[in-house]
Amino acid sequence: MDGARDAARAFEQALSLRDYTGACRLLAPATRAQLEQDGKQACARALGSEELPVSAALGATEVYGRMALVRAEGDTLFLSLFTGGWRVVAAGCTPRGDAPYQCLVKGG
């Protein structure tokens, strides 16, 4: 659980510093590829144009095997455990009742 929370914290901190290159390093490979494809530009530039919410405080962390959900102020992050550690697979997510979360950044 701490690994997922630490990765989410690092991602949020990179966003708050506008360190989009650092934030991109914390994205899952498929998420990064989808972001670049959708934005038709390199990850850092595409991520900067998404205007993701930046949260100073993290809330609850829920881990389900190799997947995790981390709630933050105004944002929910989904992470997955890869060989190199936890990576963000979706960010800028908001709940929609019984429907799946709506995410600004997500893998394909």
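Before reading on, note that the structure itself is shown above.
Scope of this entry: the structure provided in the associated data block.

### Some details on the overall build of the protein chain
Assigned secondary structure in the protein chain consists of four helices and five strands. For the protein chain, the N- to C-terminal ordering of α and β elements is α-α-α-α-β-β-β-β-β. For the protein chain, whose C-alpha radius of gyration is 13 Å, the value lies close to the compact-globule estimate of 13 Å for 108 residues. Each principal axis of the C-alpha atoms in the protein chain carries an extent, and together these give about 35 × 30 × 25 Å. Burial analysis of the protein chain (108 residues in total) assigns 39% to the buried set. For the protein chain, the computed accessible surface area is about 6000 Å², with 51% contributed by carbon and sulfur atoms. Side chains of the protein chain carry 12 positive and 12 negative charges; the gap between the two charge centres is 5 Å.

### Observations regarding the packing of aromatic side chains
On inspection of all chains with the given rule, the structure shows one aromatic pair. A centroid spacing of 5.1 Å and a plane angle of 80° characterise the contact between phenylalanine 78 and tyrosine 101, whose relative ring orientation is edge-to-face. Of this pair, phenylalanine 78 sits in strand 3 (residues 75-82) while tyrosine 101 sits in strand 5 (residues 99-106), and the two are 23 residues apart along the sequence. Among the residues examined, tyrosine 101 registers a relative accessible area of 26% and is labelled partly exposed.

Quick notes on the rules
Residues numbered from 1 in each chain as written. Predicted model: local features only at pLDDT ≥ 70, side-chain atom pairs only at ≥ 80, totals over all residues. Heavy atoms only, no water. Helix = DSSP H or I, 4+ residues; strand = E, 2+ residues; numbered from the N terminus. Rg over C-alpha atoms; globule rule 2.2 N^0.38 Å. Buried < 20%, exposed > 50% of the residue type's maximum accessible area, 1.4 Å probe, protein only. Areas by Shrake-Rupley, 256 points an atom, 1.4 Å probe, with all protein chains shown as cover. Lys, Arg positive; Asp, Glu negative; His and termini not counted. Charge placed at Lys NZ, Arg CZ, Asp CG, Glu CD. Phe/Tyr/Trp six-rings, centres within 6.5 Å; stacked < 30°, edge-to-face > 60°.

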